[in-house]
Amino acid sequence: MTTTTADRQGQTAGASTGGGAPTTRGRRRSRHHWRRRRKEYALFLLMISPNLLIIGTFDYWPVIYNAWLSLTRWNMLSGAPRYVGLQNYENLFSSSSFHGILLNTLTFSAAIVIGSVILGLAVALLFDQKLRGRGIVRTAAFAPHIVSGAAVATLWLFIFDPAYGLTRVVLDPFGVASPRWVNDADWAMIALIIAYLWKGLGFVAIVYLAGLQNLPEELYEAAKLDGAGTWTTFRRITLPLLSPVTFFVLVTSIIGTFQAYDMIAVLTGGGPGDATTTLSWYVYQQGFRASDAGTAAAAAMLLFVILLLVTGLQTRFVQRKVHYT
Amino acid sequence: MTAARLRRVLLYAGLVAVGLLFIGPMYWLFSSALKESGDIYQFPPRWLPGWHFENFADAWRAAPFGDFFVNSLIVTAGGATIKLVNATLTAYAFVFLRFPYKNVIFLVMLGALMVPNNVTLIVNYITVSNLGWINTYLGLIVPSAGSVFGMFLLRQYMLTLPGDVVEAARVDGAGHLRIMWQVVLPMCKPMLVTVGIIAVVDMWNDFIWPLIVTNTVEMRTLPIGLLYLRSNEGYANWGAIMAGTVMVALPMLILFLLAQRQITRGLTGGAVKG
């Protein structure tokens, strides 16, 4: 009895891999087959279980428990979480400093997205030209992407030093004094954006470059025959065809900025005041500095929902858009 | 003709500008680290500092960089190895073994990519503390040792392998472990290298998790150690701080120069052939 149902299940699974012989050649053969298949199932479980266990414990369980924590009040040190309903969310939405933090997050994210798309595409177009030395520049541009954010941020902290930094060296010939960058509430966000863009720009450019090199040659020849100028070709052919890449850049930039810790930690620590405190930094601050697990969890849930919406949007958009080939 | 030449000049000017934008700060980093102690406070700066290593000695004295290096090496080697093994075993199972609804299980695992680190931070801290792993290598490594993106890349790669080679080995009576080890993995070598290197870079650069899961200076990894050095030195000794930054950045820069193709392919892979 169990054999037959399991067998059918096995067959559906087998069909999807395209492997496996038909199992309808007599009882003995099918029993032998079933034994082999059971061994295969066991091996499958054995092979995926370490990974599954880690992902379940450290990726999925947190989502569930974090959702519960967001409905509680708890200092993370002693006692147990106490249920308070939606109070944490209400507190967040009614606090004006939290509105400022949301605005910071939006500013940071939008600046990085727009900067990455425009500058990344511009640099990619440059890299797409047959210029001597472009290989070295390409390597140099990509390198910051794989260096630790803490290291990049520390380097920029020195660059931004008003007295001894590189910005003074650059600005001095123009008779302009360097701003106080990270110590000035008006400049700190700009400093963070510059450093963050610098770290990621090469990556975006390489992604765009790969997109450019994948574009069909024929279209450009046809456009040339039609007498289309460079700008028209770029606007009417290159940009639309690159839209899936642009969307990828958009989504990865948003996801990246929403999870940014290291550069904020080193450059500004969220300051001065709250000037560079984003949603992600706020989660860390509330959880590990203020020991307020409930508020931190609520802010994290908010962030999670926003990211889910963004990712969902990408899946829909890309599915619709990518079929031109 | 002149228009074409002008265009060319402008393009080269653009390339030089981009080159300066990226090489400039990097040169600033290395030249500052190699300056003599007092030279860093000169304006205008000295552009060719020579080879002085006092800053490195200063950094090493101000913070236990030896410990940081050992910790980073252990965490990176351990974490990346487990990640790679996990990615390999899971990908092989999903491609070559039968199991009811395995594609559903695959999608469920893939869904973990959507969980941002912010959501896992607090709960993982609680979990690790319940396991008694705070301030230990286990606590540093295990929560990051699962592999989703690497598993995905490897699975896609294994799906493109010629099926008849594996089939032939199976007909010869080879078991799955032998097929995996002797037939499939050798064919997957380029992708294994890519997945392995990305895992190394991820583990080495990881910041927020090592920051919260360790609480003594001796257990810090390099990126956190750099933060410690800076707060210890104040904003005063930029030379030593730049030397510390070089120690954090240089290993990954070298790795990048050695394996540029694998790294770019792995990191940009999701973009074009989505």
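Up top is the structure these notes are about.
Attention here is on the structure that accompanies the text.

## Things to note about the overall build of chain B
Working step 1: Along the backbone of chain B there are 14 helices and zero strands.
Working step 2: The helix and strand sequence of chain B, counted from the amino end, reads α-α-α-α-α-α-α-α-α-α-α-α-α-α.
Working step 3: Scaling as 2.2 N^0.38, a compact globule of 274 residues should have a C-alpha radius of gyration of about 19 Å, whereas chain B reaches 24 Å, well beyond that.
Working step 4: The principal-axis extents of the C-alpha atoms in chain B amount to approximately 75 × 70 × 35 Å.
Working step 5: Partitioning the intrachain contacts of chain B with sequence separation of at least 6 by distance along the chain shows that 71% fall at a separation of at least 24.
Working step 6: Roughly 12,200 Å² of accessible area belongs to chain B as shown, and the carbon and sulfur atoms make up 67% of that amount.

## A look at the pattern of salt bridges
Working step 1: Scanning all chains against the criterion turns up three salt bridges over all chains.
Working step 2: When the shortest N-O distance is used, the salt bridge between Arg98(B) and Glu40(A) registers 2.8 Å. Residue Arg98(B) is located in the loop between helix H3 (65–96) and helix H4 (102–110), and its partner Glu40(A) is located in helix H2 (residues 27–69); the two belong to separate chains.
Working step 3: Given a relative accessible area of 6%, Arg98(B) falls into the buried group.
Working step 4: Arg61(B) is the salt-bridge partner of Asp58(B), the closest N and O atoms lying 2.6 Å from each other. Of the two residues, Asp58(B) and Arg61(B) both sit in helix H2 (residues 54–62), three residues apart, roughly one turn of that helix.

## Looking at unusual backbone geometry
Working step 1: A cis geometry characterises the amide bond from Gly271(A) onward to Pro272(A), with omega recorded as -5°.
Working step 2: On the secondary structure map, Pro272(A) appears in the loop between helix H12 (262–267) and helix H13 (279–289).
Working step 3: Of note in the backbone geometry, Asn135(B) takes a positive phi value of approximately 65° without being a glycine.
Working step 4: Topologically, Asn135(B) is positioned in the loop between helix H5 (117–130) and helix H6 (137–141).
Working step 5: Relative accessible area serves as the criterion here: at 18%, Asn135(B) is assigned to the buried category.

## Here's the deal with the packing of helix H1 (residues 2–33) of chain B against helix H13 (residues 238–258) of chain B
Residue and element names in this part refer to chain B.
Working step 1: Direction vectors running N to C along H1 and H13 enclose 125°, while the axes themselves pass 8 Å from each other. Classified by the angle their axes make, H1 and H13 are oblique. For H1 against H13, the interelement crossing comes out left-handed. The segment H1 lies against H13, with Met26, Leu29, Phe30, Ser32 and Ala33 engaging Gly239, Met242, Ala243, Thr245, Val246, Leu250 and Leu253.

## Some points on a nonpolar patch on the surface
Working step 1: There is a patch of nonpolar side chains on the surface, built from Ile136(A), Ile23(B), Tyr27(B), Trp47(B) and Leu48(B) and spanning about 540 Å² of accessible area.
Working step 2: With respect to the helices and strands, Leu48(B) occurs in the loop between H1 and H2.
Working step 3: Note on Leu48(B): relative accessible area 72%, which makes it exposed.

## With respect to the side chain of Asn88(A)
Residues and elements named next belong to chain A.
Working step 1: Within the secondary structure, Asn88 sits in helix H3 (residues 87–94).
Working step 2: Of note is the side chain of Asn88, whose polar atom sits 2.7 Å from the backbone oxygen of Thr72.
Working step 3: Sequence-distant contacts of Asn88, defined by excluding residues within four places in its chain, comprise Leu69, Ser70, Leu71, Thr72, Arg73, Gly294, Thr295 and Ala298.

## A closer look at the interface of chain B and chain A
Working step 1: The interface of chain B with chain A comprises 95 residues on the first partner and 96 residues on the second.
Working step 2: In terms of surface lost to chain A, no three residues of chain B exceed Phe22(B), Arg98(B) and Ile122(B), which account for 11% of the buried area on that side.
Working step 3: Taken together, the connections running from chain B to chain A amount to one salt bridge.
Working step 4: The tally of links between chain B and chain A comes to 19 residue pairs in polar contact (both at pLDDT 80 or more).
Working step 5: When residues in the side of chain B that touches chain A are grouped by element, the largest group, 16 residues, is from H1(B).
Working step 6: Broken down by class, the residue content of the side of chain B that touches chain A amounts to 68 nonpolar, 21 polar and six charged.

## Quick word on the nonpolar core
Working step 1: The biggest cluster of nonpolar side chains holds 154 residues, and the ones touching the most others in it are Phe127(A), Trp156(A), Tyr208(A) and Leu267(A).
Working step 2: By residue number, the principal contributor to this core is helix H8 (residues 188–213) of chain A, which donates 17 residues.
Working step 3: What Phe127(A) contacts, discounting residues up to four positions off in sequence, is Arg134(A), Val137(A), Arg138(A), Ala141(A), Ala205(A), Leu209(A), Leu15(B) and Val18(B).
Working step 4: Grouped together as the second largest cluster of nonpolar side chains are 39 residues, Ala87(B), Phe99(B), Met158(B) and Leu161(B) included.

## Observations concerning the packing of H3(B) against helix H10 (residues 189–205) of chain B
Residues and elements named next belong to chain B.
Working step 1: Interhelical geometry of H3 versus H10 gives an angle of 145° and a closest axis separation of 8 Å. Crossing hand, H3 versus H10: right-handed. Residues Phe69, Ser72, Leu73, Val75, Thr76, Gly79, Ala80, Lys83, Leu84, Ala87 and Thr88 of H3 touch H10, and the partners they reach there are Leu192, Val195, Gly196, Ala199, Val200, Met203 and Trp204.
Working step 2: Looking at the contact of H3 with H10, its residues break down into 12 nonpolar, five polar and one charged.

## Looking at the environment of Val283(A)
Working step 1: Mapping Val283(A) onto the fold places it in helix H13.
Working step 2: Linking Val283(A) and Ala299(A), residues 16 residues apart in sequence, is a C-alpha distance of 6.1 Å.

## A word on the environment of Ser116(A)
All names here are of chain A.
Working step 1: Along the chain, Ser116 turns up in helix H4 (residues 96–127).
Working step 2: Relative accessible area serves as the criterion here: at 5%, Ser116 is assigned to the buried category.
Working step 3: Distance from Ser116 to Gln87, taken between C-alpha atoms, is 38 Å for residues 29 residues apart in sequence.
Working step 4: When sequence neighbours within four positions are dropped, the list of residues in contact with Ser116 reads Leu121, Leu197, Leu201, Val204, Val249 and Ser253.

Thresholds, definitions, all that
Residues numbered from 1 in each chain as written. Chains lettered and ligands numbered in written order. Predicted model: local features only at pLDDT ≥ 70, side-chain atom pairs only at ≥ 80, totals over all residues. Heavy atoms only, no water. Helix = DSSP H or I, 4+ residues; strand = E, 2+ residues; numbered from the N terminus. Rg over C-alpha atoms; globule rule 2.2 N^0.38 Å. Contact = heavy atoms within 4.5 Å. Areas by Shrake-Rupley, 256 points an atom, 1.4 Å probe, with all protein chains shown as cover. Salt bridge = Lys/Arg side-chain N within 4 Å of Asp/Glu carboxyl O. Buried < 20%, exposed > 50% of the residue type's maximum accessible area, 1.4 Å probe, protein only. Axes fitted to C-alpha atoms, helices over the stretch in contact; angles between N-to-C directions. Parallel < 35°, antiparallel > 145°, perpendicular 65-115°, else oblique. Left-handed = near helix turned anticlockwise from the far one by under 90°. Patch = residues over 30% accessible without salt bridge, like charges linked within 9 Å, V, L, I, M, F, W, Y side chains within 5 Å. Polar contact = N/O pair within 3.5 Å; in protein donor to acceptor, adjacent residues only side chain to side chain. Buried area = accessible area lost by both parts, 1.4 Å probe. Nonpolar A, V, L, I, M, F, W, Y, C, P; charged D, E, K, R; others polar. Core = buried A, V, L, I, M, F, W, Y, C linked by side-chain atoms within 4.5 Å.

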